[in-house]
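Tertiary structure, described
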Amino acid sequence: MSAQSTDLRETVRERYAAAAVQVTEGGTACCGPQAIEIDDNFGSALYAADERDAVPAEAVAASLGCGNPTAVADLHEGERVLDLGSGGGIDVLLSARRVGATGKAYGLDMTEEMLALALENQKKAGATNVEFLKGDIEAIPLPANTIDVVISNCVINLSTDKPSVFSEMVRVLAPGGRIGISDVVADDELTPAQRAERGDYVGCIAGALSFAEYREGLEAAGFADVEITPTHVVADGMHSAIVRAVKPAEVPADDVQVPIAVPNTGSCCGGSGC
């Protein structure tokens, strides 16, 4: 990893560690935790009231994402779900309710403070079909072919090695598995420099791939049926988008592709998104 990539990762880690501490300290106040201040394009406002009421207030307050992946992942009873960049655990806990006692919801995060907050939220929710893991989304600490659905909420922008993230998602998914991701995606005509002008590395803007880059990266990693649907504008030429794709049940040897060089446009958001 380059020195620049290391610096960006540490900047992101520090920002989301501070966010976790903010929520934790807010929990000691008489009125409960306060949501982290962000605009209407990000955070807990993107969840329905009944979803916010179903999880601990601290999980809601720590929500920093640009969408609601649990609403688009079409989760079913008994499925195994992995949330990349799980933050305070809101999407993991909501997923756990959807997959039920016969399913399992994993959360993966690189930030100790967010993991500690997530574990407290799991305890408050009484969720027994949940497991939080410490690690990087470029090297997921789970065996191959063990997950049915991968979700993520505005976190893939975090990575300075997005091809590795895409390859790792394919690896851990069982054949026929799928992804349901919320992320920020740029219009194809915007250059990396123009994207950088629209936000900093921890604002979920500068690290965004374009629509074409995102599709090409997923397909090169082995995904099929890629759909990228913009939902709302977060900056000029930048969109929150729903990303769906499927790992084929069988991949003929002749169809295996060499990963393309997806631009390392920088990092953006950790924890549970931006």
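Report follows, based on the coordinates.

Take the environment of aspartate 236 next. Tracing the backbone shows aspartate 236 in the loop between strand E6 (224-235) and strand E7 (238-246). C-alpha separation for the pair aspartate 236 and arginine 195, spaced 41 residues apart in sequence, amounts to 9.1 Å.

Applying the stated criterion to the full structure yields seven salt bridges. A salt bridge links lysine 104 to glutamate 131; the nearest nitrogen and oxygen atoms lie 3.2 Å apart. Highlighted residues: lysine 104 in strand E2 (residues 104-109) and glutamate 131 in strand E3 (residues 130-134), separated in sequence by 27 residues. A salt bridge links arginine 195 to glutamate 213; its shortest N-O distance comes to 3.1 Å. Here arginine 195, found in helix H8 (residues 192-197), pairs with glutamate 213, found in helix H9 (residues 211-221); they are 18 residues apart in sequence, far enough to count as distant. On the basis of relative accessible area, arginine 195 is assigned to the buried category, the value being 1%. Judged by relative accessible area, glutamate 213 falls into the buried class, the value being 15%.

It is worth spelling out the packing of helix H7 (residues 162-172) against H9 at this point. Relative orientation of the contacting elements H7 and H9 amounts to 45°, with a least axis distance of 9 Å. Relative to H9, the element H7 lies oblique. Here the hand of the crossing between H7 and H9 comes out right-handed. Contact with H7, carried on its side by Phe166, Ser167, Met169 and Val170, involves Tyr214, Gly217, Leu218 and Ala221 of H9 and no other residues of that element.

Parameters at a glance
Residues numbered from 1 in each chain as written. Predicted model: local features only at pLDDT ≥ 70, side-chain atom pairs only at ≥ 80, totals over all residues. Heavy atoms only, no water. Helix = DSSP H or I, 4+ residues; strand = E, 2+ residues; numbered from the N terminus. Salt bridge = Lys/Arg side-chain N within 4 Å of Asp/Glu carboxyl O. Buried < 20%, exposed > 50% of the residue type's maximum accessible area, 1.4 Å probe, protein only. Axes fitted to C-alpha atoms, helices over the stretch in contact; angles between N-to-C directions. Parallel < 35°, antiparallel > 145°, perpendicular 65-115°, else oblique. Left-handed = near helix turned anticlockwise from the far one by under 90°. Contact = heavy atoms within 4.5 Å.

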